[in-house]
Amino acid sequence: MTPLNLSGSLRRPGSKTGPTKRDFTTPMSTERYNAPEREKHWQHAWETGRIFEASEDESKPKCYVLEMFPYPSGRIHMGHVRNYAMGDVFARYKRTKGFNVLHPMGWDAFGMPAENAAMERKVHPGKWTYANIDTMRGQLKSMGLSLDWSREIATCSPDYYQHQQKLFLDLLNKGIAYRKSSKVNWDPVDHTVLANEQVIDGRGWRSGALVEQRELTQWFFKITDYADELLRDLDTLTNWPEKVRLMQANWIGRSEGMLIRWALDSKTAPKNISELEVYTTRPDTLFGASFLAVAADHPIARAASENNVKLAEFCDECRRMGTSVAEIEAAEKRGFDTGIRATHPFDPNWQLPVYVANFILMDYGTGAIFGCPSGDQRDMDFARRYELPVVPVILPPGEDAATFALKNKAYEDDGVMMNSRFLDGLSTQTAFEEAAMRLEEQILNGKPQGARKVNFRLRDWGISRQRYWGCPIPVVHCADCGVVPVAETDLPITLPEDATFDKPGNPLDRHPTWKHCPCPKCAKPAQRETDTMDTFVDSSWYFVRFTAPKSQKPVDKKAAQYWLPVDQYIGGIEHAILHLLYSRFFARAMSDTGHLSFATNTREPFAALFTQGMVTHETYLSQDGYWLLPTDVRFEGDGSTRKAVEIATGRPAAIGSIEKMSKSKKNLVDPDDIIAHYGADCARWFMLSDSPPERDVIWTEAGVAGAGRFIQRVWRIVDDIAEKYPDASLKRPAEFGADALEVRKAAHRALDQVGRSIEALRFNVAVANVHEFANVLQSALGKGGPDMAYAAREAASFLVTMIGPMMPHLAEECWARLGYNRLLANEPWPSVEAPLLVDDQVTIAVQVNGKRRDELVISRTAKTEDVEAAALKLEPVIRALEGRPVKKVIVVPQRIVNVVG
RNA sequence: GCGGACGUGGUGGAACGGUAGACACACAGGACUUAAAAUCCUGAGUUCGAAAGAGCGUGUGGGUUCGAGUCCCACCGUCCGCACCA
């Protein structure tokens, strides 16, 4: 191992720079801690020591800590700083607790921005991406993260995506990847298809363009085959935020219902169509049915349109209806009577009209419903508009059947069945079962008329993208053989270097030679698939690849079994559905194709998830209406008189709302500037302070400056102690005086609290614990006798240990200053002496009728009667009782006394 | 519309049902300094009071409890997710 240069501390015992006589009660001039300079030193020491490189060490418990890897957009931003600071605190802390920690980093390196850059600046997407990676790697290194850089991966490298192509071939072979023609979301700006998850409010998640519907043949992953498992296993993710689990559950959208086939009256039905299948979750309300409705694209609608011009027009109108929220909300519930009549399943003499309705979705259920106006608001609105019957079938609890009536508000909850013949008097649930049972037994056209069916809202994941900068889909289209997978020996299918980006459309498709190849099966001329994979595929298994990033196979199963699942995953809430659902699916699909098996009884990739809040900042608007960078303004006054002035013009600028840092609002702070000025530790410390990690944090200059002051303060405290008590190998005295004991108690208590806080990812509380301890330690300095030497050095080393995960450079510097010629990064978290955590004397509050009147200092082990007696003697208690007799005294040992009188 | 989260000083926020406001930022006063910065000390929820002390205080209104920021119900407000899902 390379010898470490640990002698770089600012000061050493015997250094000439400080005064020889120290008085700890008065301030003294101390050399300031030069963060930017010392941080480089320690980063170098860690790197040459290769101490963050992980290997499968069976002698220790493993801990896989992962933060969502960044897209190499060019520069890191404050959101990255916060995310990676949090992950690093946890990773470093776990190291001190004896875990074998894997903490890797890589690049989500495929994607549109690189292609946009190619179009705008005529740089190849690969060149642009790798240049960005180099810049950002340097920035991340300057943060002093405990990352294993030997495992770095970039998804745009064939070293990575060739394995993804192998995974694809196996998914294809297993039927999990398949091709179908369907309506897809088309992003007219990015010229590509989007998955449902990637359409937000009717717009593309990246481009913001209004998404159009197009009919295209595309590649899909059969995530719906896993819908049930993905939903069910959410319950096992007890260390995930409740919110994320709920969002995924809603997105998967499981509903239990029935498929019911309705016989169509042959006199009215289109040729060769004798029945209509609907999906319903409420077979119990069948007697409240007053119409059936189908989507405009439903085969019955199409058939009926053939000789009905008006109906055809109506269907066209429905198809043209926009997909944006505004349009959907504005659209009224409208329908068109096809003239077709259907027979009620429980009454051959009851016929219902079949409408085409604009609110029925072809791709949910069967694209057809029966409408029960009394039990569904949407059906109610429709019925009122077309004057269809409204028959109440559910009597709400507490209502009288004789008087119960519905106006224009449907009753959608449970109750007791009414107007429902054989179902009358049953509960909603029993009626469901009864109706379902009868429909299952009833035969229509040789088959049971009803079948129970679980339905999901989740759709299959469309992964085809008509773009260049993505993982090529390894198949060939042959005129004779159809879709033929590329032979594994021919992988990787790499992207051509000489693509052009001067016009919109798919550069792979228009490349003169790339797509031409012989058919792998028959060797005749054929064409490669020119679509590439959605970049979310890349990020769906990168955490697996990190466990053996240089493996010749996609996954080294032994390494994956050792490391997976990820013990703590940290990232943004914005991936609650997309990335986190896809990754959960992929873990299962990879295990079903034999690539992955977990050591424990789970198929979940991320055992614990934490979603951190965003970084926000004030916004500044110039008089001319353009946004200003924080560095473009200076401030005058404070509090309510605080005003911003545009530096360049000297004119006042408006201080706007606090918002997420964004390029468009220019409320940005560059991490490089902060690190160069205050140091990485300062940026990290501030990011961890004050705001709970799951909430947004407001970046303020004052806050950073405060963090910077605290760094100097820690340095001074440690420096003072090292100066006064330079002996690093002191023996523990047998006895401690009161002052030393107090310091020791504070130190052990703080160590305990900080450890617990970090363990629970409550970094703001950990920071407060450290502050509190620093206050105690500082005010205790200078007191005490010879026993203080040990206590103070112990306290100082505890202080250094507990800031270690959060401000690792400062901690190393302090550690060296204390004279330990070792890297703190390799030191264990000290063990707490439990007896020091409990006090002999406790202060307990004394209440009278629940109101605090005084407090009592009493032995921790005092008997209840003694506590009660002492409390009743207190003068404020007697006064508060105002002579009333004491009815009862509640004593909670070591906590509180409540006198009831 | 449906689902969910959250409402605590000037600010960010602490608080196993048990002394609300820890800790920090900002502020004010003082010490040091020729001065500033830095540092150190002190103060501070609010009302009344010179003080001791007392009243009121965790969005609003109820409830459970010896005791509620915390649990339950209703309402108001803010934010987030989904959105014709049958």
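Computed from a prediction, not measured in an experiment: that's the story for all the values here.

Asker: It is not clear to me how the nonpolar core should be interpreted in this structure. Could you clarify?
Answerer: For soluble globular proteins, the rule of thumb is that nonpolar side chains tend to be buried together. In terms of nonpolar packing, the biggest core is built from 184 residues, with Trp 461 and Met 806 touching the most fellow members. The biggest single contributor to this core is helix H23 (residues 787–803), with 12 residues. Those residues in contact with Trp 461, other than ones at most four positions away along the chain, are Ala 195, Trp 219, Phe 220, Phe 221, Ile 223, Asp 534, Phe 536, Val 537, Ser 540, Tyr 582, Phe 585 and Phe 586. If you look at the next biggest cluster of nonpolar residues, it comprises 45 residues, including Leu 292, Val 356, Phe 404 and Tyr 411.

Asker: Sorry, what's going on with the packing of aromatic side chains here?
Answerer: Any pair of aromatic rings gets described here by the distance separating the centres and the angle formed by the planes. Under the definition given, this model contains 43 aromatic pairs. Considering the side-chain rings of Tyr 93 and Trp 829, the 4.9 Å spacing of their centres and the 80° angle between planes classify their relative orientation as edge-to-face. Residue Tyr 93 is located in helix H2 (residues 78–96), and its partner Trp 829 is located in the loop between helix H24 (808–817) and strand E36 (841–848); the two are separated by 736 residues in the primary sequence. The pair Tyr 93 / Trp 829 is uniform in exposure class, with both members buried. Consider the rings of Phe 221 and Phe 585, whose centres lie 6.2 Å apart with planes at 45°: the pair is tilted. With Phe 221 in strand E9 (residues 212–221) and Phe 585 in helix H17 (residues 578–592), this residue pair connects regions lying 364 residues apart in the sequence. Residues Phe 221 and Phe 585 agree in their burial class; the two are buried.

Asker: Could you clarify how one ought to interpret the protein's contact with RNA strand B in this entry?
Answerer: In the vicinity of RNA strand B there are 52 residues, among which Thr 281, Leu 361, Tyr 364, Arg 762 and Arg 895 approach most closely. In RNA strand B, the atoms that sit within 4 Å of the protein are 61% sugar and phosphate, with bases accounting for the remainder. For RNA strand B, a sugar or linking oxygen lies 2.9 Å from a polar atom in the backbone of Phe 359. Between RNA strand B and His 771, the relevant distance is 3.0 Å, taken from a sugar or linking oxygen to a side-chain nitrogen or oxygen of the residue.

Asker: Is there a simple way to think about helix H5 (residues 158–173) in this case?
Answerer: Residues separated by three or four positions in an α-helix point in the same direction, a consequence of the helix having 3.6 residues per turn. With 16 residues, H5 extends 22 Å from end C-alpha to end C-alpha; this agrees with the ideal 22 Å at 1.5 Å per step. Counting buried positions along H5 gives 12 out of 16 residues, so the element sits mostly inside the fold. Tyr 160, Tyr 161, His 163, Gln 164, Gln 165, Lys 166, Leu 167, Phe 168, Leu 169, Asp 170, Leu 171 and Leu 172 are the residues of H5 that are buried. Directly after H5, the chain includes Gly 175, whose backbone phi takes a positive value near 85°.

Asker: How should the state of the cysteines be read in this particular structure?
Answerer: By definition, a disulfide links the sulfur atoms of two cysteine residues through a covalent bond. Using the criterion set out here, one finds zero disulfides in the structure. A disulfide-free cysteine, Cys 471 has its sulfur positioned 11 Å from the sulfur of Cys 156, the nearest such atom. With no disulfide of its own, Cys 814 has Cys 682 as its nearest cysteine by sulfur position, at a separation of 14 Å.

Asker: Any chance you could explain the sheet that holds strand E21 (residues 461–462) here in plain terms?
Answerer: Within a sheet, adjacent strands bond to each other through the backbone by hydrogen bonds, running parallel or antiparallel. Taken in spatial order, the four strands make up an open sheet running E6-E5-E9-E21, and their pairing is antiparallel. Strands at the two margins of the open sheet, each flanked by one partner only, are strand E6 (192–194) and E21. Pairing analysis gives 10 bridges linking strand E5 (residues 177–187) to E9, with the strands arranged antiparallel. Bridging from a neighbouring strand, Val 184 pairs with Arg 214 of E9. Along the sheet face, H5 touches E5 and E9 and points at about 95° away from the line of E9.

Asker: Hey, could you run me through the packing of helix H21 (residues 738–759) against helix H22 (residues 763–780) in this one?
Answerer: When two helices pack together, you describe them by how their axes are tilted relative to each other and by the distance separating the axes. Where H21 contacts H22, the axes come no closer than 8 Å and their chain directions differ by 170°. Relative to H22, the element H21 is oriented roughly antiparallel. Contact residues: H21 offers Val 743, Ala 746, Ala 747, Ala 750, Gln 753, Val 754, Ser 757 and Ile 758, while H22 offers Phe 763, Val 765, Ala 766, Asn 769, Val 770, Phe 773, Val 776, Leu 777 and Ala 780. Class assignment of the residues belonging to the contact of H21 with H22 gives a composition of 14 nonpolar, three polar and no charged.

Asker: Could you clarify how one ought to interpret the pattern of salt bridges in this entry?
Answerer: Side-chain pairs of opposite charge can arise whenever the charged atoms involved come near each other. Under the counting rule described, the total for this entry stands at 57 salt bridges. As a salt-bridge pair, Arg 588 and Asp 233 come within 2.9 Å of each other at their nearest N and O atoms. Here the residue Arg 588 occupies a position in helix H17, and Asp 233 occupies one in the loop between helix H6 (227–232) and helix H7 (242–252), the gap between them amounting to 355 residues. Note on accessibility: Arg 588 and Asp 233 belong to one class, buried. Put simply, Asp 624 and Arg 651 hold a salt bridge, and the shortest N to O gap is 2.7 Å. Here Asp 624 is found in the loop between strand E30 (615–621) and strand E31 (627–628), whereas its partner Arg 651 is found in the loop between strand E33 (643–646) and strand E34 (652–660), with 27 residues between them in sequence. Look at Arg 651 and you get partly exposed, because its relative accessible area is 28%. Linked through salt bridges whose partners overlap, the residues forming this network are Glu 229, Arg 232, Asp 233, Arg 584, Arg 588, Asp 592, Arg 603 and Glu 604.

Asker: Just to check I follow, could you spell out the sheet that holds E36 for this structure?
Answerer: What the four strands build is an open sheet, ordered E37-E36-E39-E38; its pairing is mixed. The open sheet has two edge strands with one neighbour each: strand E37 (851–859) and strand E38 (888–892). Strand-to-strand, the axes of this sheet are offset by a mean angle of 20°, without reference to chain direction. In this structure, E36 lies alongside strand E39 (residues 896–900), joined through four bridges in parallel fashion. Looking across to E39, one finds that Ala 845 is bridged to Ile 896. Strands E36, E37, E38 and E39 of the sheet are contacted by helix H25 (residues 864–873), whose axis makes an angle of about 130° with E37.

Asker: Any chance you could explain the pairing of strand E4 (residues 148–154) here in plain terms?
Answerer: Every other side chain in a regular strand lies on the same face of the sheet, so the side chains alternate between the two faces. Counting buried positions along E4 yields five of seven residues, so the element is predominantly enclosed. Note that strand E3 (residues 104–107) and E4 share three bridges and pair parallel. Paired with Gly 106 across the strands is Ile 153, a residue of E4.

Asker: What is the right way to look at the pairing of strand E12 (residues 291–294) in this model?
Answerer: Every second residue of E12 is oriented toward a common face, with Phe 291 and Ala 293 on one face and Leu 292 and Val 294 on the other, all of them buried. One ladder, built from four bridges, connects E12 with strand E15 (residues 368–371); its direction is antiparallel. Along E15, the bridge assignment pairs Val 294 with Ala 368. Where E12 meets strand E14 (residues 347–357), three bridges bridge the pair, whose relative direction is parallel. Pairing of Val 294 across the sheet is with Val 356, part of E14.

Asker: Looking at this model, I keep getting lost on unusual backbone geometry. Mind explaining?
Answerer: Trans peptide bonds make up the majority, and among non-glycine residues the majority have a negative phi. Residue Pro 492 follows Leu 491 across a cis peptide bond; omega there is -5°. Cis geometry marks the peptide bond from Leu 564 to Pro 565, where omega comes out at 0°. Of note in this structure, Ala 523 is not a glycine but carries a positive phi near 70°. You can see Ala 523 is positioned in the loop between strand E25 (516–518) and strand E26 (525–528). In this structure Ala 523 comes out as exposed when scored by relative accessible area, which is 54%. Notably, Leu 761 is not glycine yet its phi reads approximately 60°, a positive angle.

Asker: Quick question: what am I supposed to make of the packing of H21 against H23 here?
Answerer: Remark: H21 packs on H23, axes separated minimally by 9 Å, with the N-to-C direction vectors making an angle of 15°. Taken together, the axes of H21 and H23 are roughly parallel relative to one another. For H21 against H23, the interelement crossing comes out left-handed. Here H21 contributes Asp 739, Ala 740, Val 743, Arg 744, Ala 747, His 748, Ala 750, Leu 751 and Val 754 to the contact with H23, which in turn contributes Asp 787, Met 788, Tyr 790, Ala 791, Glu 794, Ala 795, Phe 798 and Met 802. Grouping the constituent residues of the contact of H21 with H23 by class yields 12 nonpolar, one polar and four charged.

What counts and what doesn't
Residues numbered from 1 in each chain as written. Chains lettered and ligands numbered in written order. Predicted model: local features only at pLDDT ≥ 70, side-chain atom pairs only at ≥ 80, totals over all residues. Heavy atoms only, no water. Core = buried A, V, L, I, M, F, W, Y, C linked by side-chain atoms within 4.5 Å. Buried < 20%, exposed > 50% of the residue type's maximum accessible area, 1.4 Å probe, protein only. Helix = DSSP H or I, 4+ residues; strand = E, 2+ residues; numbered from the N terminus. Contact = heavy atoms within 4.5 Å. Phe/Tyr/Trp six-rings, centres within 6.5 Å; stacked < 30°, edge-to-face > 60°. Near = heavy atom within 4 Å. Polar contact = N/O pair within 3.5 Å; in protein donor to acceptor, adjacent residues only side chain to side chain. Expected span 1.5 Å × (residues − 1). Disulfide = S-S within 2.5 Å. Pairing = 2+ DSSP bridges. Axes fitted to C-alpha atoms, helices over the stretch in contact; angles between N-to-C directions. Parallel < 35°, antiparallel > 145°, perpendicular 65-115°, else oblique. Nonpolar A, V, L, I, M, F, W, Y, C, P; charged D, E, K, R; others polar. Salt bridge = Lys/Arg side-chain N within 4 Å of Asp/Glu carboxyl O. Left-handed = near helix turned anticlockwise from the far one by under 90°.

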